[in-house]
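The primary structure of each chain is shown beneath.
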Amino acid sequence: MKKKCPLCNTLAEKFYEDTQRYYRCPNCDGIFVDERQLPNEESEKERYELHDDNAEDVGYIKFVSPITKNIMNDFSQDAKGLDFGAGTSQIITKVLQKKAYDIVSYDPYFHPYPALLDQKYDYIASCEVIEHFYHPAQEFKRLSSMLKEKGKLYLMTDIYDESIDFGQWYYKNDPTHVFIYTKKTFEWIREEFGFKNLSIDKRFILLE
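Residues numbered from 1 in each chain as written. Predicted model: local features only at pLDDT ≥ 70, side-chain atom pairs only at ≥ 80, totals over all residues. Heavy atoms only, no water.

Q: How do you make sense of the overall build of the chain when you look at a structure like this?
A: Helix and strand counts for the chain come out as 6 helices and 11 strands. For 208 residues, the compact-globule estimate of 2.2 N^0.38 gives 17 Å, and the chain sits close to it at 17 Å. Projecting the C-alpha coordinates of the chain onto the three principal axes gives extents of approximately 50 × 35 × 35 Å. When burial is assessed residue by residue, the chain has 52% of its 208 residues classed as buried. Partitioning the contacts of the chain with sequence separation of at least 6, the portion at a separation of at least 24 is 62%. Side-chain charges in the chain split into 28 positive and 36 negative, and the spacing between the mean points of these groups amounts to 4 Å. (Helix = DSSP H or I, 4+ residues; strand = E, 2+ residues; numbered from the N terminus. Rg over C-alpha atoms; globule rule 2.2 N^0.38 Å. Buried < 20%, exposed > 50% of the residue type's maximum accessible area, 1.4 Å probe, protein only. Contact = heavy atoms within 4.5 Å. Lys, Arg positive; Asp, Glu negative; His and termini not counted. Charge placed at Lys NZ, Arg CZ, Asp CG, Glu CD.)

Q: What is the right way to read the pattern of salt bridges from this model?
A: When charged atoms on two side chains of opposite charge get close, those side chains can pair. A full pass over the atoms with the stated rule returns 17 salt bridges. For Arg203, the salt bridge is made with Glu128, and the minimal N-O distance between the two is 2.9 Å. A residue pair is termed long-range when its members are at least 10 positions apart, and Arg203 in the loop between β10 (198-201) and β11 (204-207) and Glu128 in the loop between β7 (121-127) and α5 (136-145) qualify at 75 residues. Comparing Arg203 with Glu128, the two get one shared label, buried. Connected through shared salt-bridge partners, Lys3, Lys14, Glu17, Arg21, Asp34, Glu35 and Arg36 make up one network. (Salt bridge = Lys/Arg side-chain N within 4 Å of Asp/Glu carboxyl O.)

Q: Is there a simple way to think about the nonpolar core in this case?
A: Judged by nonpolar contacts, the single largest core of 34 residues is most densely connected at Phe84, Ile124, Phe140, Leu153 and Ile189. Within the residue set of this core, elements represented by two or more residues are β5 (80-84), β7, α5, β8 (147-156), α6 (183-192) and β11. Residue contacts for Phe140: discarding those within four places in its chain leaves Ile130, Phe133, Leu153, Leu155, Tyr181, Ile189 and Phe193. Among the nonpolar cores identified, the runner-up in size contains 19 residues, and Tyr60, Val95, Ala125 and Cys127 belong to it. (Core = buried A, V, L, I, M, F, W, Y, C linked by side-chain atoms within 4.5 Å.)

Q: Would you mind going over the pairing of strand β3 (residues 21-24) with me for this structure?
A: Side chains on a regular strand alternate between the two faces of the sheet. Burial along β3 is two-sided: Arg21 and Tyr23 facing one way and Tyr22 and Arg24 facing the other are all buried. When strand β2 (residues 11-17) meets β3, the two strands line up antiparallel, connected through 4 bridges. When the bridges of β3 are listed, Lys14 appears paired with Tyr23. Where β2 folds back on β3, the antiparallel hairpin that results is connected by 3 residues. Here β3 runs beside strand β4 (residues 31-33); their pairing, made up of 3 bridges, is antiparallel. Residue pairing in the sheet places Tyr23 in a bridge with Phe32 of β4. Following β3, the chain reverses through 6 residues before pairing antiparallel with β4; Asp29 in that reversal takes a positive phi of roughly 70°. (Pairing = 2+ DSSP bridges.)

Q: Hey, could you run me through the packing of helix α3 (residues 65-74) against helix α4 (residues 91-98) in this one?
A: The axes of two packed helices give the description: the angle between them and the distance between them. Between α3 and α4, the shortest axis-to-axis distance is 10 Å and the interhelical angle comes to 40°. For the pair α3 and α4, the sense of crossing is right-handed. On α4, the residues touching Ile67, Thr68, Ile71 and Met72 of α3 are Ile92, Val95 and Leu96. (Axes fitted to C-alpha atoms, helices over the stretch in contact; angles between N-to-C directions. Left-handed = near helix turned anticlockwise from the far one by under 90°.)

Q: Help me understand the state of the cysteines, please; the structure alone is not making it clear to me.
A: Two cysteines, two sulfur atoms, one covalent bond between them: this is a disulfide. In this structure the tally under the stated criterion is 0 disulfides. We note that Cys5 lacks a disulfide partner, and the nearest cysteine sulfur, in Cys28, lies 3.6 Å from it. When its relative accessible area of 2% is taken as the criterion, Cys5 is described as buried. (Disulfide = S-S within 2.5 Å.)

Q: When you look at the sheet that holds strand β6 (residues 102-106) in this model, what are you seeing that I'm missing?
A: Within a sheet, neighbouring strands are paired by backbone hydrogen bonds and run either parallel or antiparallel to one another. Pairing in this open sheet of 6 strands is mixed, and the strands run β6-β5-β7-β8-β11-β10 from one edge to the other. If you trace the sheet from one side to the other, it starts and ends with β6 and β10, each paired once. Averaged over all neighbouring strand pairs, the angle between strand axes comes to 15°, with direction disregarded. In this sheet, β7 lies alongside β5 in parallel orientation, the contact comprising 3 bridges. Within β7, the residue paired with Leu82 across the bridge is Ile124. The sheet contacts of α3 involve β7, β8 and β11, and relative to β8 the element is tilted by about 155°. Against the sheet, α6 engages β8, β10 and β11, with an angle of about 155° to β10.

These results come straight from atomic positions and should not be treated as a statement about function.
The structure is reproduced here in structure tokens:
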């Protein structure tokens, strides 16, 4: 039985099944979990609380550096930024605030300040967040609408390609990773949501 892709609304065939059932979209190439198997809010929040994301950890600071270094290269301290899906650690916010950058944190579980979603930003950072989107079309529409003209969206997620054995892939083993992207998926997002440019470097993605 085919399922409708939550990003582009195209019917997709089953791609893989183990503890969760995955479908792969023939249009945007996104890979998504059957909506009947999405984690509930309580179990999702519990999973996030298990993440050992210490904002003082040197290794973790280095992990997010593709985002933080690019922001510091592209924007001055007075530019307005949002750390979308900041998690318990708020690491991107803290790294940039230490450099006197004007950035705030939003997270639906840990920093639930919906008024922040009604504002416009020069840049938005979202590290290891977009793979958790139950409704990626809505989320990318919202993110693109919150950017000022010439604004930039900095993302990190692990990207699937054909060289990866999906069945053995560590990234899909997290039950909260419910939407997986390929390079083709990001090309579709760039075109659909009005971004002019896309660049990808390993797990770092920039849309502008």
